[in-house]
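# Descriptive structure summary
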Amino acid sequence: MNSKLIKELPELVENDVISQDVAFKIERYYQSKASDTPNRLFTVFGVLGSILVGLGLILILAHNWDNFSKTIKTLFAFAPLIIGQVLVGFSILKKKSQTWNEASGVFLFFAVGASIAMVSQIYNIPGSFTNYMLVWILLCTPLIYLLKSHALALLHLVYATVYACNYGYANGSKAPWLFLVLLLLLLPYYITLIKSKPKANITSIFNWLLPISLIITLGAFITKFDELIFLSYIILFGLFYNLGKLPVFNNLKLRQKGYLVLGSFGTVVLLLIASFRWVWEDVFRISSFSGKEITLVIVLFVVAFGVLIYLFLKKQAEKFNLFHYIFIIMTILFFIGLQNDISPTIITNILLLVLGINAIKIGVDKMHFGVLNYGLVIITALIFCRFFDTNMSFVIRGLLFVIVGIGFFTTNYIMLKKQKSKETKILK
Amino acid sequence: MKLKYIFTLFILVVIAQLFVPMQMIFGQEAVLNNGKAYKFRTQPVDPSDPYRGKYITLRYDINAAVSVDSTWERKQDIYVYFEEDSLGFAKLTEVSKAPLVNAKDYVKTQVNWYNKYDSNVTFNLPFNRFYMEENKAKPAEDAFRIAQRDTLPNNTYALVYVKDGEAVLKDVIINEISIADYVEEK
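Definitions and limits used
- Residue numbering note: each chain is counted from 1, following its sequence as written.
- Chains and ligands are labelled sequentially in the order written, the chains with letters from A and the ligands with numbers from 1.
- For a predicted model such as this one, the threshold for reporting local features is a pLDDT of at least 70, and the threshold for listing and counting side-chain atom pairs is 80 or more; totals across whole chains, interfaces and linings nevertheless cover every residue.
- Computation of side-chain values: all heavy atoms of the structure, hydrogens and water removed.
- Put simply, DSSP H or I for four residues or longer makes a helix, DSSP E for two residues or longer makes a strand, and each gets a number counted from the N terminus.
- Categorising residues by exposure relies on relative accessible area from a 1.4 Å probe, with only protein chains included: less than 20% of the type maximum marks a residue as buried, more than 50% marks it as exposed, and the intermediate range marks it as partly exposed.
- In what follows, a contact means two residues having at least one pair of non-hydrogen atoms within 4.5 Å.
- Per-residue and other accessible areas were derived by the Shrake-Rupley procedure at a 1.4 Å probe size, with only the shown protein chains allowed to occlude residues.
- For the purpose of charge, His is not counted, nor are the chain termini; Lys and Arg are scored as positive and Asp and Glu as negative.
- Charge placement uses NZ in Lys and CZ in Arg. For Asp and Glu, CG and CD serve respectively.
- As used here, buried area is the combined drop in accessible area, with a 1.4 Å probe, of two parts when they are placed together.
- Any Lys or Arg side-chain nitrogen found within 4 Å of a carboxyl oxygen on Asp or Glu counts as a salt bridge.
- As a rule, the C-alpha atoms of each element are fitted with a line to give its axis, helices using only the stretch in contact, and angles between N-to-C directions run from 0 to 180 degrees.
- Every angle not falling under 35 degrees, over 145, or within 65 to 115 is termed oblique; those three ranges are roughly parallel, roughly antiparallel and roughly perpendicular.
- Put simply, a crossing is left-handed when the front helix is turned counterclockwise from the back one by less than a right angle, and right-handed when it is turned clockwise.
- Pairing between strands requires that DSSP locate at least two bridges from one strand to the other.
- For the domains described, the bounds stem from an automatic or database domain assignment.
- Any pair of nitrogen or oxygen atoms within 3.5 Å is treated as a polar contact; in protein, a donor-acceptor pairing is required on top of that, and neighbouring residues in sequence qualify only through side-chain atoms on both sides.
- Nonpolar residues are Ala, Val, Leu, Ile, Met, Phe, Trp, Tyr, Cys and Pro. Charged residues are Asp, Glu, Lys and Arg, and all others, Gly as well, are polar.

### Structural notes on the overall build of chain B
Along chain B, the regular secondary structure elements total 3 helices and 12 strands. Considering only C-alpha atoms, chain B reaches an extent of 75 × 45 × 30 Å along its principal axes. By residue count, 45% of the 186 residues in chain B fall in the buried class. In chain B, the proportion of contacts linking residues at least 24 apart, taken out of those at least 6 apart, comes to 61%. Here chain B has roughly 10000 Å² of accessible surface; of this, 54% comes from carbon and sulfur atoms. With 23 positive and 25 negative side-chain charges, chain B shows a separation of 5 Å between the mean positions of the two kinds.

The following block contains the structure:
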């Protein structure tokens, strides 16, 4: 795209759209920008190379070389670690480029894991996999800040998630509370990223990975009362949606809005599940709950509510956008559901319908085809779900589908026409 | 000035990264050098670990104890005490919830479950993982099964050093030969 612009510069100068001076400046600007790119590519390949070499090392050491003496094995355990440390020390002391920092840091990360694993092998230390992961991650956390390394921050997040899943889901009975500590350790780095480069690629990667990691791990915290999983997830998605509406995230492109997209999509999927009566029959059967799970749900709710209030104070919330309040409504419904399973089912269905119409309205107002069709998809999915558990005749079901289908065509067509008329107005 | 600061912090990280594996080594070496060697009768089976390579899991004959105390809970700490029998193998003497004041050797592990009907508390001894070269782990399991078919009673045991509740698995022996060599010979 840049080269296209540069190619068109002479034409623009010829037709007196811009002056020669401006054309020169534009060219210079893109050239200086281009000189950054190969460097970034080099960093990516450096990191990939380090990951491959590091993982390869771990695999080679995992062969368990029986024929070597204990001393030689021990030397092997420390060699990659010390090489990695020397490389990282060199990058810091000589103030090497970001490429150096990232690549050497990633290598050291895997060398630490390899050396602990190797010592475990030599002495047949049974220690659990999760403890091993935890020690490994913690030993490398400071490197994120010392090297200002994005790759290490990503590895930290990914491995912390693996840790939480292994600890929580595999064991079943214990919640991985230390995962929260690992996340807290990463938070300052993430906040600096948001503040210093809100629109950079790396920041948007975190905008997606962080909520995804939380979505994956949240279930591991609910160990005793499975019914609370539903409630905690709906609140989590509400939190994500409202976080996504914060000024720092709201001005980004759609593909950078991880929180908003995941929050909105997750809410809709959960509501669709909750539009079936059996979900509420399960809730109805709950006799009591207590303990850490409830605390977790309350904390989540308070945080989500806090973000919502902040949005109102900053006048960022759209008063009639139902997505903001879904988590509050669903929490109330959950408690109603403890006494009664019919009204929550009906209300959930109505909520979905309103959400769909809401999205269509936002889509029309903002002339956004994506949001418009998102609303239509919500309504279609709702109708589709009701096909499973209602005794409507096939004729009525068929008619409903035809009506929604026509709705798709007409709304899109009207929007397209509107947009065209607007464009022609601008051109005139 | 800032570089100095960062580098000092880095050196601290380096020390921590070196300290963890070294401390593991020293702890294990101390047990191997000063601990008492026990033979635990065992059976090997063959799983794997994505990071640390192939190992054989050892299923020990000592895996349960009679206990009148019925308040055992899953994953609770349990202290397993043992002594040497006349054949030189480890023999379970008692289990307890807290360390006992006696001179006997013990290891600390976790309760699997408590069976109320026969008042039995079951557990796995913690040194149940023996790392082997990747192409030897499976043959080792097979070798054990073949060795069991001969007339001798269970002739497979783990050589474990124990000191102050710490245990280090040194080797697994089949018919008085180290399992790694035994597999190679076959």
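### A short note on the interface of chain A and chain B
With 44 residues of chain A at the interface, the matching set in chain B holds 41 residues. Taking both sides of the interface into account, the surface hidden between chain A and chain B amounts to around 3800 Å²; carbon and sulfur atoms contribute 65%. The largest contributions to the chain A side of the interface with chain B come from Tyr123, Asn124 and Leu146 of chain A, which together make up 18% of the buried area. The tally of links from chain A across to chain B stands at 1 salt bridge. Lys70 of chain A serves as the salt-bridge partner of Glu29 of chain B, at 3.3 Å between the closest nitrogen and oxygen. Taken together, the elements giving at least two residues each to the side of chain A that touches chain B come down to helix H4 (70-93), helix H5 (98-122), helix H6 (129-147) and helix H7 (150-171) of chain A.

### Thoughts on the packing of H6 of chain A against helix H1 (residues 2-34) of chain B
The contact between H6 of chain A and H1 of chain B brings their axes to 10 Å, and the two run at 165 degrees. For the element pair H6 of chain A / H1 of chain B, the angle class is roughly antiparallel. Here H6 of chain A and H1 of chain B pass one another in a crossing that is left-handed. Where H6 of chain A abuts H1 of chain B, its residues Val135, Leu139, Cys140, Pro142, Leu143 and Leu146 of chain A lie against Ile6, Leu9, Phe10, Val13, Ala16, Gln17 and Val20 of chain B.

### Description of the sheet that holds strand S4 (residues 64-66) of chain B
Residues and elements named next belong to chain B. Strand order in the open sheet made by the 5 strands is S4-S8-S7-S5-S6, with antiparallel pairing throughout. A single partner strand is all that each edge strand has here, and the edge strands are S4 and strand S6 (90-96). The mean inter-strand angle of the sheet, taken between neighbouring strand axes irrespective of direction, is 45 degrees. Sheet analysis places S4 next to strand S8 (residues 120-123), joined by 3 bridges and oriented antiparallel. Its bridge partner lying in S8, Ala64 is registered against Thr122.

### With respect to the domain arrangement of chain A
Residues and elements named next belong to chain A. Partitioning chain A into domains gives domain 1 (36-126), domain 2 (128-213) and domain 3 (222-428). Opposite the 17 residues of domain 2 that make contact, domain 3 presents 17 residues. Together domain 2 and domain 3 conceal approximately 1300 Å² of surface at their shared face, both sides included; 65% is due to carbon and sulfur atoms. A per-residue breakdown of the area domain 2 buries against domain 3 is headed by Trp177, Trp208 and Pro211, which together make up 41% of the total. Where domain 2 meets domain 3, there are 0 salt bridges. Linking domain 2 with domain 3 are 4 residue pairs in polar contact (both at pLDDT 80 or more), by the criterion used here. No other element matches the 7 residues that helix H9 (residues 201-221) contributes to the side of domain 2 that touches domain 3. By residue class, the composition of the side of domain 2 that touches domain 3 is 10 nonpolar, 5 polar and 2 charged.

### Let's talk about unusual backbone geometry
The backbone of Lys95 of chain A shows a phi angle near 50 degrees, a positive value even though the residue is not glycine. On the secondary structure map, Lys95 of chain A appears in the loop between H4 and H5. Positive phi, close to 45 degrees, is recorded for Asn175 of chain B, a residue that is not glycine. Within the secondary structure, Asn175 of chain B sits in the loop between strand S11 (166-174) and strand S12 (177-178). Since its relative accessible area comes to 27%, Asn175 of chain B is described here as partly exposed.

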